[in-house]
Amino acid sequence: MPHAAVTPRSRLPRVGTTIFTVMSRMAHEAGAINLSQGYPDFNAEPFLFDRVSHWMHAGMNQYPPMAGMPALREAIAAKVSHLYGAEYDPETEVTVTAGATQALFTAVAALVHPGDEVVVLEPVYDSYVPAIELQGGIPVRVSLAAPHYRPDWTALRAAITPRTRMIMINTPHNPTGAVWTEDDLRALAQLVDGTDIVVVSDEVYEHIVFDGARHESCARHPDLAARSIIVSSFGKTYHITGWKVGYVLAPAELMAEFRKVHQFNVFTVNTPVQLALADYMERAERHLGLAAFYQAKRDYFREALGASKFDLLPCGGTYFQLASYAALSGAPDTDFVEWLTRTVGVAAIPVSAFHHDGRDAHVVRFCFAKDEATLAAACERLCAL
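Residues numbered from 1 in each chain as written. Predicted model: local features only at pLDDT ≥ 70, side-chain atom pairs only at ≥ 80, totals over all residues. Heavy atoms only, no water.

### Here we look at the sheet that holds strand β3 (residues 117-122)
The mixed open sheet is built from seven strands, whose spatial order is β2-β8-β7-β6-β5-β3-β4. The open sheet has two free edges, formed respectively by β2 (94-97) and β4 (138-143), since each of these has just one partner strand. Averaged over neighbouring strand pairs, the angle between their axes works out to 20° when direction is ignored. For β3 and strand β5 (residues 164-170), the ladder comprises three bridges, and the chain directions are parallel. Bridging across to β5, V119 finds its partner in I167. (Pairing = 2+ DSSP bridges. Helix = DSSP H or I, 4+ residues; strand = E, 2+ residues; numbered from the N terminus. Axes fitted to C-alpha atoms, helices over the stretch in contact; angles between N-to-C directions.)

### Examining the packing of helix α2 (residues 46-57) against helix α11 (residues 271-280)
Running from amino to carboxyl end, α2 crosses α11 at an angle of 135°, the nearest separation of the two axes being 8 Å. Relative to α11, the element α2 is oriented oblique. You can see that α2 and α11 cross each other, and the crossing is right-handed. In this structure, α2 uses F47, L48, R51, V52, W55 and M56 to contact α11, whose residues at the interface are P272, V273, L275, A276, L277, D279 and Y280. When grouped by side-chain class, the residues that make up the contact of α2 with α11 number 11 nonpolar, no polar and two charged. (Parallel < 35°, antiparallel > 145°, perpendicular 65-115°, else oblique. Left-handed = near helix turned anticlockwise from the far one by under 90°. Contact = heavy atoms within 4.5 Å. Nonpolar A, V, L, I, M, F, W, Y, C, P; charged D, E, K, R; others polar.)

### Examining the packing of helix α4 (residues 99-111) against helix α10 (residues 252-265)
Two packed helices can be described by the angle between their axes and the distance between those axes. It is the contact of α4 with α10, at a shortest axis distance of 8 Å, that shows an interaxial angle of 115°. Judged on the interaxial angle alone, α10 and α4 are roughly perpendicular. Crossing handedness for the pair α4 and α10: right-handed. Each of Q102, A103, F105, T106, A107, A109, A110 and L111 in α4 lies in contact with α10, whose residues at this interface are L254, E257, F258, V261, H262 and N265. Looking at side-chain class alone, the contact of α4 with α10 contains nine nonpolar, four polar and one charged residues.

### Digging into the pairing of strand β6 (residues 198-202)
Within β6, five of the five residues are buried, which leaves it mostly tucked inside the rest of the structure. Taking every second residue as pointing to the same face, both faces of β6 are buried, with V198, V200 and D202 on one and V199 and S201 on the other. Across five bridges, β5 lies against β6 in parallel orientation. Each residue of the ladder has a partner; that of M166, found in β6, is V198. In this fold, β5 hands off to helix α7 (residues 182-192), which returns the chain to β6; that crossover is right-handed. (Buried < 20%, exposed > 50% of the residue type's maximum accessible area, 1.4 Å probe, protein only. Right-handed = clockwise from strand over helix to strand, strands pointing away.)

### Brief notes about the pattern of salt bridges
According to the stated counting rule, one finds 20 salt bridges in the structure shown. Between K260 and E257 there is a salt bridge; the shortest N-O distance is 2.9 Å. On the criterion of helical spacing, the pair formed by K260 and E257 is a turn pair, its members being three residues apart in helix α10. By sharing partners, the salt bridges in this structure join E29, E338 and R342 into a single network. (Salt bridge = Lys/Arg side-chain N within 4 Å of Asp/Glu carboxyl O.)

Next up, the structure:
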């Protein structure tokens, strides 16, 4: 490989390799059980794969419409109408994306100008801030306090200035598992009322909410829906994270701006998978049953770790469990997860990775979207500490 003939001037000088890649690579090298990166170790049901094959063999292998196949956009709009009572026009207000990360990036690229401020809540998923900075925006961070990680509305109100262009929220929340309530959405609506602030609502775990609670989508609240770009993910819902297919809902005026960027950074998403997903969505129980499916895994994991020295934090949604290891070690969380991976044989994510300043509360994130045998083996090792 030749040496570079130029010295690049980095647009992201403080950004290295994402912690998810680092920990999955380390888990592979160490032969550890990987509870770090957020993906299942089990497949979707064969019917979904059969439908992809069907559409491939039916010749549906060329470019679909830029916004997505009409059948899938119509299925998405019907689901949202049924769940949240919100009517989105599949032609102008629904767009299929190459996963949620692309959707989030595109939303920021379409609407944030240099010097605009964007409010994010820390701990924050690692793609938000780089997307803001690449557009010349200014991230404004508001902390979520452990152990419940509830939004602090006084702090949020103080963070709003005349330069605030966007607020990015995430419920159910990665990495904490916190779930916003109807009161939270009402407070957000009051906060942005009378402003020109756009809400980007990351709702990729919308179907993974536990203990009888309901997901409070911005689509459910008309005042917020009118100013929100809502992002969701088929990868999280149907156990197909590697397919990288998601979608966006927004009022037509916002969606028009979104699509201007979307058409030039991915243009569109592969055709046979879109058609297969449209077929798969015909049975609503496939997404309606997800909460009970993952709650059983959460409960199994928490019970299995009951005899350990980890202190388990509340988990109201997602497929992540935060745990304090303070009773086990005083080491920084980055050192602890490396030791845990290489010596104990279980990989986790250090929560400091979700803080811009590396704030370390001696808390790690485990993913419980795994087969019971995987969880049992991991918990046996963790309980032996």
